[in-house]
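Here is how the chains run, residue by residue.
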Amino acid sequence: MPLFNPKTDTFAEFDPTTRRLLASLVDFFESKGKQALTADAHRGEWYDDWMAYLAESRILAYMATPKAHAGGDPDKRWDTAFISKFNEITGFYGAQYWYAWGVSTLGLATIWQSANGKAHARAAEELDRGGIVAFGLSEKDHGADIYSTDMLLTPDGAGGFIANGSKYYIGNGNVARLVPTIGRRTDVEGPDAYVWFLADSGHPNYTLVKNVIHGQNYVSAYDLADYPVTADDVLHTGRKAFDVALAAVNCGKFNIGMVTLGIVQHCFYETVDQAANKILFGHPVTDFGQVRQILSDNYIRITAMKLYHERAIDYMRESSPADRRFVMFNSIGKMKVTREGERAFRELSDVISAKGFEKDTYFAMARGLIDSMPRLEGTAHVNMALTLKFMPSFLYNAADLPPVPVRRDPGDDEALFRQPGAAGLGKVRFADWRPAFADYRHLPNVALFLEQAERFVQFPVQAPAIDEQLTDLDYQLAVGELFTLLPYGQLILEQAKIAGTPDDHVDAIFELFVRDFSAYALGVFGKASSTAAQQEWALSVLRKPIGDAARANRVYTEVLAHAGAYRMNP
């Protein structure tokens with residue numbers, strides 16, 4: 001699957017309206033040019049030109065208005081495939097631009113899940129005028145801990161409330177006219193006390209305190225003082241408020257893997273271009289062995305990231321209240337893809353070297369953004385812990401489920417707004433993961449990884465966790481690294497088959513995975529709590545990946561072909 005190149009990609013997989021809108025998105029950034037893009041980023045200047053583009057193009061309205069609220073416009077829908085490509089493109093040019101949409105995802109998902117028809121109409125109208133939406137969950141002293149919210153709601157006797165309190169880390173709180181906010185009633189105890197309601201940043205009782213970061217995007221602190229909340233402003237109450245928050249995050253965090261992918265692809269272009277044109281000791285930097293290894297490894301890691309996320313789109317779009325496999329694949333995308341991107345960035349930094357700090361490079365701009373990706377919408381550790389909830393079902397309780405089709409049609413993914421509560425994730429069923437490997441067992445590293453994977457299936461039996469490890473998250477996370485490689489590899493192989501990915505790429509991907517699996521096994525071996533049986537198992541699965549010099553040469557030829565293949569307009 002080739003790297004994204006905005007100057008050659010025609011977005012042929014989409015319908016004509018979507019192709020036109022994505023092309024206009026690329027044109028916005030290329031017309032702005034690299035010098036202006038990077039200069040604005042370093043100044044931390046609010047992007048009025050971006051707000052103007054969103055208003056003029058109405059791109060958010062077309063990709064994020066469910067058909068039920070689209071007023072009959074046949075081109076509007078909530079389309080995960082369209083959204084994912086938007087995420088990749090905005091990440092490619094600057095994740096700070098994506099952020100305005102990323103936060104809007106969370107706020108809109110909160111609104112679209114409600115039964116409040118007036119709120120639906122307000123949201124559809126706001127999108128159509130090019131507005132963005134906020135998400136008032138976090139607080140300075142409590143983070144995203146809903147249970148501890150200090151936003152207090154006092155009943156007003158007319159079906160509404162008077163709101164008092166503060167929110168912190170709230171994106172778009174400077175301009176969003178729709179600010180879904182969660183608070184706690186003062187007259188009710190327990191889960192029934194919680195309420196999602198709409199605030200308006202333009203209201204006189206809404207005080208914008210500050211931007212808590214330095215950047216183009218606005219991560220606000222705001223206060224509500226005797227803010228009137230009418231019955232028409234109420235979105236959700238009681239236990240549903242908790243479930244809605246989690247379901248909104250399920251929608252929002254799917255953005256982040258593709259944003260990360262966009263970031264590292266642009267960084268890769270800059271790095272290989274720099275390395276190919278820099279001469280040291282009479283040779284291009286690309287001639288040096290360590291540079292060759294870094295560029296090849298990370299070209300392949302980026303390819304794996306792209307394959308995984310493209311297939312995860314299909315599972316996301318095919319989800320239903322009865323098929324919740326997407327929750328695990330979504331968490332892996334958020335946790336694994338973002339950390340793979342962060343890893344690629346760090347290793348590419350060793351190649352681009354000093355050039356990557358120059359203020360007019362994309363790389364320097366990305367440096368301040370890539371770190372945030374694994375840490376938004378739940379840390380990597382939180383998403384790993386969530387992924388582990390699915391491990392018993394994934395490994396030992398396979399179901400006979402129909403194949404998941406490719407979904408790039410202009411469909412409306414409204415099932416995402418009918419998610420059941422968070423309970424019962426351990427009962428979600430998965431299809432057997434092994435058939436995805438069947439067509440690739442002839443590749444030596446796929447076969448070797450499959451051997452390791454089958455050994456992992458036996459791990460809980462051969463070396464079971466002792467009681468203290470059941471509550472030792474540090475140990476559980478080490479095991480999670482091993483487990484995650486199985487579904488990650490499964491979706492990569494499913495997409496490789498769909499996309500016709502060359503065997504060279506697939507074998508190279510699994511060469512890395514054999515190496516990674518062995519490293520993660522050593523991580524389990526070294527844990528303070530690991531038992532003798534667990535240590536013995538860990539050593540028994542160590543494998544050296546199978547190298548292929550001819551295949552490595554072919555891959556590196558591809559890598560070098562990316563030098564000069566894309567350069568952003570100056």
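Rules used throughout
- Residues numbered from 1 in each chain as written.
- Predicted model: local features only at pLDDT ≥ 70, side-chain atom pairs only at ≥ 80, totals over all residues.
- Heavy atoms only, no water.
- Helix = DSSP H or I, 4+ residues; strand = E, 2+ residues; numbered from the N terminus.
- Rg over C-alpha atoms; globule rule 2.2 N^0.38 Å.
- Buried < 20%, exposed > 50% of the residue type's maximum accessible area, 1.4 Å probe, protein only.
- Contact = heavy atoms within 4.5 Å.
- Lys, Arg positive; Asp, Glu negative; His and termini not counted.
- Charge placed at Lys NZ, Arg CZ, Asp CG, Glu CD.
- 1 Å grid on protein atoms, 1.4 Å probe; cavity = no way out; pocket = protein on both sides within 12 Å on 5 of 7 lines; lining within 4 Å.
- Points joined across faces, edges and corners; volume = space filled by probe spheres on them.
- Domains from an automatic or database assignment.
- Pairing = 2+ DSSP bridges.
- Axes fitted to C-alpha atoms, helices over the stretch in contact; angles between N-to-C directions.
- Core = buried A, V, L, I, M, F, W, Y, C linked by side-chain atoms within 4.5 Å.
- Phe/Tyr/Trp six-rings, centres within 6.5 Å; stacked < 30°, edge-to-face > 60°.
- Lys NZ or Arg CZ within 6 Å of the ring centre and 35° of its normal.
- Salt bridge = Lys/Arg side-chain N within 4 Å of Asp/Glu carboxyl O.

Q: Go over the overall build of the protein with me, naming the residues and quoting the values.
A: If you tally the helices and strands in the protein, you get 20 helices and nine strands. Relative to the globule expectation of 25 Å for 570 residues, the C-alpha radius of gyration of the protein, 24 Å, shows essentially globular dimensions. C-alpha extents for the protein along the principal axes are approximately 75 × 60 × 45 Å. Out of the 570 residues belonging to the protein, those deemed buried represent 59%. Counting contacts in the protein only where the partners sit at least 6 residues apart, residues at least 24 apart contribute 80% of the total. Between the mean site of the 57 positive side-chain charges and the mean site of the 70 negative ones, the protein shows a separation of 2 Å.

Q: Which residues make up empty space enclosed by the protein, and what are the values?
A: The tally for this structure, following the rule as stated, stands at three cavities of 30 Å³ or more. Estimates place the volume of the largest cavity at around 60 Å³. In terms of lining residues, the largest cavity is bounded by Trp78, Thr80, Ile83, Ser84, Thr105, Cys251, Phe254, Asn255 and Met316. For the lining of the largest cavity, the elements supplying multiple residues, two or more each, are α5 (80-93) and α9 (254-277). By residue number, the principal contributor to the lining of the largest cavity is α5, which donates three residues. Mapped onto the domain boundaries, the lining of the largest cavity takes at least three residues apiece from domain 1 (16-129) and domain 3 (246-561).

Q: Can you tell me about the sheet that holds strand β3 (residues 179-185), naming the residues and giving the values?
A: One open sheet holds the seven strands; their spatial order is β5-β6-β2-β1-β3-β4-β7, and the pairing between them is mixed. The open sheet has two edge strands with one neighbour each: β5 (206-211) and β7 (234-237). Geometrically, the sheet is characterised by an average inter-axis angle of 25 degrees between neighbouring strands, direction not taken into account. Lying on the sheet, helix α8 (residues 239-252) is in contact with β3, β4 (194-199) and β7; it crosses β7 at an angle near 105 degrees.

Q: Explain the pairing of β4 to me, using residue names and the numbers behind them.
A: Burial runs high along β4: six of the six residues are buried. Alternating residues of β4 divide into Tyr194, Trp196 and Leu198 and Val195, Phe197 and Ala199, and every residue in both groups is buried. With three bridges connecting them, β4 and β7 associate as antiparallel partners. Directly across from Trp196, in β7, lies its bridge partner His236.

Q: Which residues make up the nonpolar core, and what values go with them?
A: Counting 172 residues, the largest nonpolar core has Trp50, Trp101, Phe449, Phe456, Tyr488 and Phe513 as the members making the most contacts within it. Ranked by residue count, the leading element in this core is helix α10 (residues 289-317), at 14 residues. Ignoring anything within four residues of it in the chain, the contact list for Phe513 reads Ala304, Phe449, Gln452, Leu485, Tyr488, Gly489 and Ile492. Membership of the second largest hydrophobic core comes to 17 residues, among which are Leu153, Phe161, Ala163 and Val234.

Q: Provide a residue-level description of the packing of aromatic side chains, including the pertinent values.
A: Under the counting rule described, the total for this entry stands at 45 aromatic pairs. Pairing Trp433 with Phe437 gives two aromatic rings, centres 5.7 Å apart and planes at 85 degrees, and the pair type is edge-to-face. Neither residue differs from the other here; Trp433 and Phe437 are each classed as buried. In this structure, Lys76 is placed above the aromatic ring of Tyr62, and the distance from its NZ or CZ to the ring centre is 5.9 Å. In this structure, Arg367 is placed above the aromatic ring of Phe357, and the distance from its NZ or CZ to the ring centre is 3.8 Å.

Q: Break down the pattern of salt bridges for me, with residues and values.
A: Scanning all chains against the criterion turns up 47 salt bridges. Between Arg129 and Glu126 there is a salt bridge, with its nearest N and O atoms 2.6 Å apart. Judged by relative accessible area, Glu126 falls into the buried class, the value being 9%. Of the charged contacts, one joins Asp323 and Arg325 as a salt bridge, the two residues approaching to 2.9 Å between their closest N and O atoms.

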